[in-house]
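Analysis of the macromolecular model
Read off the chains here:
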Amino acid sequence: MSVPVVQFTVKGKPRDGAAASQEWYTAGWSGVGEGRPYTVVYDGHCKVCGKMIALLRAWDRNANVLEIVPSQLAGVQARFPWIPARAYLEGVQLIGAGGRTWQGAAAVETIIDVMPRGRLVSWIFKIPFVRAIADRFYRWFARNRYRLGCGEHCAVRQELLDYHDAA
């Protein structure tokens with residue numbers, strides 16, 4: 001599989017409409033977001049994550065609060081050197097002003113909170129024990145995401161992750 005080195009975009013969409021059907025685009029290619037207050041970095045290989053990101057992009061369409069990039073995008077590690085490479089495999093990362101970083105369920109909670117009308121939902125995290133339950137569920141989901149919605153290639157990727165965890 002080849003991945004284009006340069007992708008021209010117009011208003012955040014590929015200039016070539018046919019490119020939108022390619023896997024690298026639907027997995028979360030980002031040609032937009034420079035100067036937005038928050039950056040979301042997620043696993044671009046995970047199809048379940050890609051579907052969630054599509055919903056997030058739709059929610060953010062007019063607000064322009066989030067820059068959304070897959071962790072596999074060249075330059076991500078150099079841009080956020082304080083985030084260890086392993087963290088990208090463990091959960092979504094949200095980076096705000098001054099490099100403040102949230103991971104996993106805390107990132108999801110903050111994303112909901114900063115989105116338009118998100119505060120209508122984010123109050124739920126203030127209920128006792130909800131944060132702990134959300135964190136536990138998120139960690140379970142992150143560990144099993146390749147088994148939940150992907151094909152055979154994700155099962156192989158999960159086996160590799162399990163092997164590295166055991167080593």
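Structure shown above.
Owing to the predicted nature of the structure, the values given are computational and were not obtained by experimental measurement. (Residues numbered from 1 in each chain as written. Predicted model: local features only at pLDDT ≥ 70, side-chain atom pairs only at ≥ 80, totals over all residues. Heavy atoms only, no water.)

As for the nonpolar core
- If you look at the biggest cluster of nonpolar residues, it comprises 22 residues, and the most contacted ones within it are Val-40, Leu-56, Leu-66, Ile-68, Leu-94 and Ile-111.
- At the level of elements, β3 (38-42), α2 (47-59), β4 (66-70), α5 (105-114) and α7 (130-148) are the ones that each hand at least two residues to this core.
- Grouped together as the second largest cluster of nonpolar side chains are 8 residues, Val-69, Phe-80, Ile-83 and Ala-87 included. (Core = buried A, V, L, I, M, F, W, Y, C linked by side-chain atoms within 4.5 Å. Buried < 20%, exposed > 50% of the residue type's maximum accessible area, 1.4 Å probe, protein only. Helix = DSSP H or I, 4+ residues; strand = E, 2+ residues; numbered from the N terminus.)

Here we look at the packing of α5 against α7
- At their nearest, the axes of α5 and α7 sit 8 Å apart, and the two run at 120 degrees to each other. Taking contact as the criterion, the partners of Ala-105, Val-108 and Glu-109 in α5 are, on α7, Arg-131, Ala-134, Asp-135 and Tyr-138.
- Among the residues forming the contact of α5 with α7, the class breakdown is 4 nonpolar, no polar and 3 charged. (Axes fitted to C-alpha atoms, helices over the stretch in contact; angles between N-to-C directions. Contact = heavy atoms within 4.5 Å. Nonpolar A, V, L, I, M, F, W, Y, C, P; charged D, E, K, R; others polar.)

Description of the sheet that holds β4
- In space, the 4 strands of this open sheet follow the order β4-β3-β5-β6, with mixed pairing throughout. A single partner strand is all that each edge strand has here, and the edge strands are β4 and β6 (101-103). For this sheet the average axis-to-axis angle between neighbouring strands, irrespective of direction, equals 20 degrees.
- With 5 bridges connecting them, β3 and β4 associate as parallel partners. Each bridged residue has a counterpart across the sheet, and for Tyr-42 the counterpart in β4 is Pro-70.
- Lying over the sheet, α2 contacts β3 and β4, oriented at roughly 160 degrees with respect to β3.
- Running at roughly 115 degrees to β6, α5 makes contact with β3, β4, β5 (93-95) and β6 of the sheet. (Pairing = 2+ DSSP bridges.)

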